[in-house]
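Topology and contacts: notes
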Amino acid sequence: MKNDIQNKPINRVDGRAKVTGAAKYFAEIEVPGMTHCVMVTSTITRGSITSIDTKQAERAPGVLAVLTHLNMPAIPGWAADNSKPSSGGEKLRLLGSDKILFNGQPIALVIADTLERAQYAATLVKTIYKKEAHKTDLAKHKTEVHMPSRLGDYSRGDANAHSTAPVTLKADYVIPIEVHNPMELHGVLALWDGEDKVTVWTKTQGVKDTQETITAAFKLEEKNVQVHSEFVGGGFGMGLRTWPQDIVVIAAAKKLKRPVKLVMTRQQMFTMVGYRPYTLQHISMGATADGKLSGMYHEAIGETASYEDFTEATVRMTRFMYACPNVTTKYRIVPLDRGVPIWMRGPGEATGAFALESAIDEMAYKVNMDPVEFRILNFAETDPERNKPFSSNHLKEAYQLGAEKIGWFKRNRQPRSMKEGDWLVGYGMSTGVFGAYRGGSTCRAQLNGDGSLVLQSATADIGPGTGTAMVQIAHEVTGLPIEKIRFELGDSSLPPSGSQGGSATVSTVGSAVYDVCTALKEMMAAKGLSFENGAVKGNIKDVLAADGKPYLEVTKESKGGAEQQKYSMYSFSIHFTEVHVHPGTGVVRVKRVVTVADSGRIVSPKTAASQMIGGVTGGIGMALTEEAIIDHRYGRFVNNNLADYHVPVSADVPHIETIFIDKPDPIINPMGSKGMGEIALIGFSAAVANAVYHATGKRIRELPITPDKILAV
Amino acid sequence: MLRFILNNEDIGTTLSPGMPLLDFIRYHQHLTGTKAGCNEGDCGACTILIGDLHNGELRYRSFTSCLTPLGNARGKHIVTIEGVSMPSLNPIQQALIDNSATQCGFCTPGFVMSLAGFCLSRQVPKRRRAIAAIDGNICRCTGYKSIEKTASIIANFVKQRNETDPVTFAVEQQILPSWFSGIEERLKKLTLSLNGEPAAAGTPIVGGGTDLYVQKPEDIREQSLRFFFDDPSLKGISRQGNKCIFGASSTATDLLESAVMQEYFPQLENYIKLVSSTPIRNMATIAGNFINASPIGDLTIFFLALDTTLEFNTGRILPLRQLYKGYKQLNKTEEEYVCRCWFELPDKDTLFHFEKVSKRTHLDIASVNTAICIRMQDGYISKARISAGGLNPVPGLLTDTAAFLEGQIPDDALVQQACAIAQKEISPISDARGTADYKRLLLEQLIKAHFITLFPSLPIQV
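Since we're looking at a predicted model, the values are computed, not measured. The numbers attached to residues start from 1 for each chain and follow its sequence in the written order. Lettering of chains starts at A and numbering of ligands starts at 1, both following the order in which they are written. Residue-level local features of this predicted model are given only where pLDDT is at least 70; pairs of side-chain atoms are given and counted only at 80 or more, and the full residue set underlies all totals for whole chains, interfaces and linings. No hydrogens and no water enter the side-chain calculation; it runs on all heavy atoms of the structure.

Before going further, it helps to spend a moment on the UniProt feature "domain: Aldehyde oxidase/xanthine dehydrogenase a/b hammerhead" (unreviewed entry) in chain A. UniProt positions are given in the numbering used here, feature names are shortened, and annotations may be inferred rather than shown by experiment. UniProt tags residues 20-133 of chain A as "domain: Aldehyde oxidase/xanthine dehydrogenase a/b hammerhead" (unreviewed entry). Helical segments are the DSSP runs of H or I of at least four residues, strand segments are the runs of E of at least two, and each set is numbered from the N terminus. The span residues 20-133 of chain A carries 16% helix and 30% strand; its end-to-end C-alpha distance comes to 51 Å.

Residues and elements named next belong to chain A. Any two strands with at least two DSSP bridges between them are considered paired. Strand order in the open sheet made by the seven strands is β3-β5-β1-β12-β9-β10-β11, with mixed pairing throughout. At either end of the open sheet lies a strand with only one pairing partner, and these are β3 (63-67) and β11 (225-228). The average angle at which neighbouring strand axes cross in this sheet is 20°, direction not considered. With four bridges connecting them, strand β10 (residues 198-202) and β11 associate as parallel partners. Counterpart to Trp201 in the pairing with β11 is His228. Contact between two residues is taken to exist if any of their heavy atoms lie within 4.5 Å; hydrogens are not considered. In this analysis, axes come from line fits to C-alpha atoms, helices being fitted only over the stretch in contact, and the angle between any two N-to-C directions falls in the range 0 to 180 degrees. Packed on one face of the sheet, helix α4 (residues 115-122) meets β1 (35-41), β3 and β5 (106-112) and runs near 25° to β1. Sitting on the sheet, helix α7 (residues 244-256) touches β1, β3, β5, β9 (187-192), β10 and β12 (260-263), and the angle it makes with β9 is about 30°.

On to the packing of helix α6 (residues 207-218) of chain A against α7(A), then. Residues and elements named next belong to chain A. At a closest axis distance of 11 Å, the pairing of α6 and α7 adopts a crossing angle of 55°. On the basis of their axis angle, the class for α6 and α7 is oblique. Two packed elements cross with a definite hand, and for α6 against α7 that hand is right-handed. Along its contact with α6, which presents Thr213, Ile214, Ala217 and Phe218, the element α7 presents Ile247, Ile250 and Ala251. For the contact of α6 with α7, the class distribution of residues is six nonpolar, one polar and no charged. Roughly parallel covers angles under 35 degrees, roughly antiparallel covers those over 145, roughly perpendicular covers 65 to 115, and oblique covers all other angles. Note on convention: the crossing is left-handed when the near helix lies turned anticlockwise from the far helix by less than a right angle, right-handed when the turn is clockwise. Residues are grouped as follows: nonpolar covers Ala, Val, Leu, Ile, Met, Phe, Trp, Tyr, Cys and Pro; charged covers Asp, Glu, Lys and Arg; every other residue, Gly included, is treated as polar.

On to the pattern of salt bridges, then. One speaks of a salt bridge when a side-chain nitrogen belonging to Lys or Arg is within 4 Å of a carboxyl oxygen belonging to Asp or Glu. Under the defined criterion, the tally for this structure stands at 61 salt bridges over all chains. In this structure, the salt-bridge partner of A:Glu195 is A:Lys257, at a minimum N-O distance of 3.6 Å. In this pair, A:Glu195 sits in the loop between β9 and β10 while A:Lys257 sits in the loop between α7 and β12, placing the two residues 62 residues apart along the sequence. The closest approach of N and O atoms between B:Asp230 and B:Lys76, which form a salt bridge, is 2.7 Å. On the criterion of sequence distance, the pair formed by B:Asp230 in the loop between β7 (226-227) and β8 (237-240) and B:Lys76 in the loop between β4 (57-64) and β5 (77-79) is long-range, its members being 154 residues apart. Buried residues are those whose accessible area, probed at 1.4 Å on protein chains only, stays under 20% of the maximum for their type, while exposed residues exceed 50% and partly exposed ones sit between those limits. Judged by its relative accessible area of 4%, B:Lys76 falls in the buried class.

The subject of this paragraph is empty space enclosed by the protein. Points on a 1 Å grid, built from protein atoms alone, make a cavity when a 1.4 Å probe fits but cannot get out and make a pocket when they are open with protein on both sides within 12 Å along at least 5 of 7 lines; residues with an atom within 4 Å of a point are the lining residues. Grid points are joined across faces, edges and corners, and a volume is the space filled by probe spheres set on the points. Overall, the coordinates contain five cavities of 30 Å³ or more when judged by the stated rule. Considered as a void within the structure, the largest cavity measures approximately 100 Å³ in volume. Residue lining of the largest cavity: A:Glu178, A:His180, A:Phe236, A:Arg276, A:Met344, A:Arg345, A:Gly614, A:Gly618, A:Glu626, A:Leu681 and B:Arg140, and that is the complete set. The calculated volume of the second largest cavity comes to roughly 90 Å³.

Turning to the interface of chain A and chain B, a few remarks are in order. Each side of the interface is counted separately: chain A has 73 residues, and chain B has 60 residues. Once two parts are joined, some of their accessible surface, as seen by a 1.4 Å probe, is lost; buried area is that loss totalled over both. Across the chain A to chain B interface the summed buried area is about 5500 Å²; carbon plus sulfur atoms make up 56%. Ranking the residues of chain A by area buried against chain B places A:Val19, A:Glu116 and A:Met183 at the top, with a combined share of 13%. Here chain A and chain B share four salt bridges between them. With a closest N to O distance of 2.7 Å, A:Glu626 and B:Arg140 form a salt bridge. Pairing of N or O atoms within 3.5 Å defines a polar contact, subject to two protein rules: one partner must be a possible hydrogen donor and the other a possible acceptor, and residues neighboring in sequence count only if both atoms are side-chain atoms. Remark: the boundary between chain A and chain B carries 36 residue pairs in polar contact (both at pLDDT 80 or more). Listing elements by their share of the side of chain A that touches chain B, those giving two or more residues are α1 (15-19), α4, α16 (605-625) and α18 (707-711) of chain A. A per-element tally of the side of chain A that touches chain B places α16(A) first, with ten residues. Residue composition of the side of chain A that touches chain B, grouped by class: 29 nonpolar, 27 polar and 17 charged.

Right, let's talk about the sheet that holds strand β6 (residues 126-131) of chain A for a bit. Residue and element names in this part refer to chain A. The strand order across the open sheet built from three strands is β4-β2-β6, with neighbouring strands paired in antiparallel fashion. Strand pairing shows two members of the sheet lacking a second neighbour, β4 (99-100) and β6, which therefore form its edges. Across six bridges, strand β2 (residues 47-53) lies against β6 in antiparallel orientation. Along β6, the bridge assignment pairs Ser51 with Ile128.

The next thing to look at is the domain arrangement of chain A. Residues and elements named next belong to chain A. We note that the domain assignment places domain 1 (33-133 + 180-272), domain 2 (279-437 + 566-712) and domain 3 (439-559) within chain A. With 26 residues of domain 1 at the interface, the matching set in domain 2 holds 24 residues. For the domain 1 and domain 2 pair, buried surface summed over both sides reaches about 2200 Å², with 60% attributable to carbon and sulfur atoms. Three residues, His180, Arg241 and Phe270, lead the burial of domain 1 against domain 2; their summed loss comes to 24% of the area buried on that side. Summed over the shared surface of domain 1 and domain 2, the result is two salt bridges. The partner of Arg241 in a salt bridge is Glu308, with the nearest N and O atoms 2.6 Å apart. Put simply, domain 1 and domain 2 have nine residue pairs in polar contact (both at pLDDT 80 or more) between them. Taken together, the residues that form the side of domain 1 that touches domain 2 break down as ten nonpolar, eleven polar and five charged. In this document the domain limits rely on a domain assignment from an automatic tool or a database.

Where β2(A) lies against β4(A), two bridges are found, and the strand directions are antiparallel. Counterpart to A:Ser48 in the pairing with β4(A) is A:Lys99.

To continue, consider helix α8 (residues 183-193) of chain B. All names here are of chain B. For α8, the full list of buried residues reads Ile183, Leu187 and Leu190. All buried residues of α8 project into a common sector of 60° when viewed along the axis, lining one side. In α8, those exposed residues whose orientation departs by more than 90 degrees from the buried face are Lys189 and Leu192. Those residues of α8 that are buried lie in contact with β1 (2-6), β3 (47-54), β4 and β5. Our arc is simply the arc of the directions from the helix axis toward the C-beta atoms.

Within the fold, B:Ser146 resides in helix α6 (residues 144-159). Not counting the four nearest positions on each side in its chain, B:Ser146 is found in contact with B:Asn99, B:Ser100 and B:Ala101.

Another aspect to go through is the domain arrangement of chain B. Residue and element names in this part refer to chain B. Here chain B is partitioned into domain 1 (1-193) and domain 2 (232-454). The C-alpha centroid of domain 2 is placed 31 Å from the C-alpha centroid of domain 1. Contacts between the two partners involve 17 residues from domain 1, matched on the other side by 15 residues from domain 2. Each partner contributes to the roughly 1300 Å² buried at the junction of domain 1 and domain 2, and carbon and sulfur atoms together form 48% of this total. Interface area lost by domain 1 to domain 2 is led by Arg61, Ser62 and Asp135, which between them contribute 44%. On the surface where domain 1 and domain 2 come into contact, there are five salt bridges. Two residues, Arg61 and Asp254, come together in a salt bridge whose shortest N-O distance is 2.8 Å.

Below is the structure:
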């Protein structure tokens, strides 16, 4: 496969719209006759509604409707879905029954002519509940496990090798609930045209996925459901599904025959749009005295909702990351009275890597080896889980590059041996990994008479810079200048693409852009046209006039082939960090970060660097500050706001150096690029924990690493 | 009629003055560049600038519009992202793009406005201050490092202004549109035409709004309110004899910029930067912090150690230390409000220090905070006051600890004993900000930090 993608840095193509405030996110869309919806949510955690008094709210000025389970129209597609969660519990049917399945569950929609009036009227709804005992504490209910429908048990070799080896290690790890908290609040605006046609503006990572969900829920024809989501103010996974409240708001708009807009509150962002689940992990590891891994056992128990199974690949990394002959993994879920989780940046792997990469560090110390050398000694040349070659794997080079850059081998390996002023100094590192995917995507190219090129695909940009990368790829294939190329996305009427998730957008959609531009060149050649020196050569206007068309158009579907079965494809990251720990107060500061990405060819260097730095910053939050805390007596959050749920602020973030291996993967796609969004974060929390150990001599196995844990005896 | 200038437009509105300014901007003026991210002043996506005439001089500060009552816009210049955007990008916007400092872009207008606020500040422009200007803005994607690069570039750019007036410089350099040059005159005219609305006694009081709009936005939006933020009789920080007198509506930023405070508290900037964020410091009033009665109010702890005295509208005078009767219970009647406050300025023998530990470096509520004020006489501690927050249901003084210190010569043993006594004066609970044990330990460490800072030569065991 010819590889002619060059990686010259260009500025973000939508930068101007964003720095001037002109970019329109869904909440900024206004349509004539628009009404506003505010959700009333349950204050109990499990039970049922005895009575709900909406009279006062209905009589409040400007109120058009108050919808509860008593007067909510049925959602036709929901009735048809008979799937059951593993617990055998009932499905969540928002406003479909009197049942309360989690704290903060919407129980009424208040719709008024203005937002203020809807907000006021929502305070007038009075509810009486019948409470039942609830379960929200995973640690307390960890034995009530269910076998998930996917990602079940795995074993190779001797299942006991981990505990019979000469050197053994057993350790338990905890990660708390983490919440995506994108800056933009979630919501939806629905506009019906009659009974069978609807247009929706929303915050989604996949307009086609949202279109499909709405089509199914209301039993409509796909062409009659249009979804728009051009600008998305961050997602990190929470936009990977169309949430039940979106559907009931769309239903409300249909019933009222008026457009309805819902913008959720920050508090509701903690309960209704998913989270990274609280997870308990146990690792047992065995090695020979000279540092060869001989057995690993990795078990994870994650929380899910009573009404739906949520699963993620928490233990998968342990199966293939290291050359270990005997590996057993086990993954279980516990249904609780909570909203359902959703994938969050580095889903599963970020949780699992904290445990695995902490344990690997610990084992390296046990066998008296440097953690980098220990990893290199146990490097897997081929994928030991699937017995296939890696499509590309430059980990060894990445270890060396990162180690040199941060001065790894100059440190004193002895824990609690380094100081700077009053502060203890520690170095830590870890590995991150995530599958390198390529899905299916279709892209349309339109070459205009003025030599400008429009590319269209129903993908998303939640922040990484999809349009920028696509324009860059088209620029490199066609030679047209950046300003002459426009990429359109976030509209379900465009040619189909998958959701923006799993770090796969550049690989998936970029391949379609590459293929459609290549096909365009072929079409042009047949008409005596070509690209030369950044412009169209030949008389395109005559060609268009002869064809009677406004532009030359070609649409191309693009997807991977047999190579996906022959190879194991992964993106890798190596994180090195230096932390300072204050022995008096237990405060940890991340002082320096070097992150190396082996993610194939870098298509767009500026946006790629932003992704890496951003992911590491998310990793700092995961390691040190982020934790959504439930008061289990009531089953509700105590810190469901941005003052108390601590995402990092600029002062928490040191200089982050990113190094790209920047070698094309010869297999995965025509650009040779692998994903980057997830690996930027995966493993980083372990690097911090390992650095804290090096600084203090203390292993913290429960995130976040707060001062009280460091100082606890 | 509530009158003010919004960007380049004269506004006259009869809408409820209790409405959050953000709602007015977004829903009534349809200026949607200002984003709603939390409606609690935590995220900075709704940051705007507010310009007003301060001693006849136009002064801009950043505000979170979600917590600003429309009533506080009266007679002022409100600037949104649309107001700083021109046909060609301004240097802040261009630098953000060039440094790849915008990702999903949702927080970006807020960052632009915070940096514009830095450009218009009359403080000496420094890189450190440009970066401090974004301390109230959260970016989740997160481009902080790229945004800081932008801040450095802007700081260097603004350094060229030398003695030029900030607005004049910003217009000359196309940081702001040219119509900004006329704002000062327009505001002067507007001020003359303002008719203050008489506030009915007994209606709720709003100062900066930073707590009220978090606690009960639905309740106050349509209510009749008394707006105290700009009441000239409640403003001003001055010295009278050995006392510092400040109006109840003075803000944390007013403190920071006060010549008296800067003279008597050389470390003031280091203390104040630990308090919330730039926009909240521009908005939150000091008396609001006292009356909020949070067990952990930073400024309350600061002023408790200075034994601040309060004067109510009724003429009643009360030491701050006697204001708190119990958790969120105040020694004041419904009709009483604080008018002014005073404390004795530290003389050359008096030492003061403030410490705060929070989970996040900035923009956070303290786990524990404490301040100390001690007077030295011939090497002895003649008078001591230590305040502490986050350890009891009310913010208060550690009186036994202070009494123990008085008459003693500071040394390691004394500090260790003082720490032990302090432990008996507190009853912390375990919560989201730390375990009870950790808070006990923090107090001990922070008392030691006080002495290490105030007596650098003392060998204190930590």
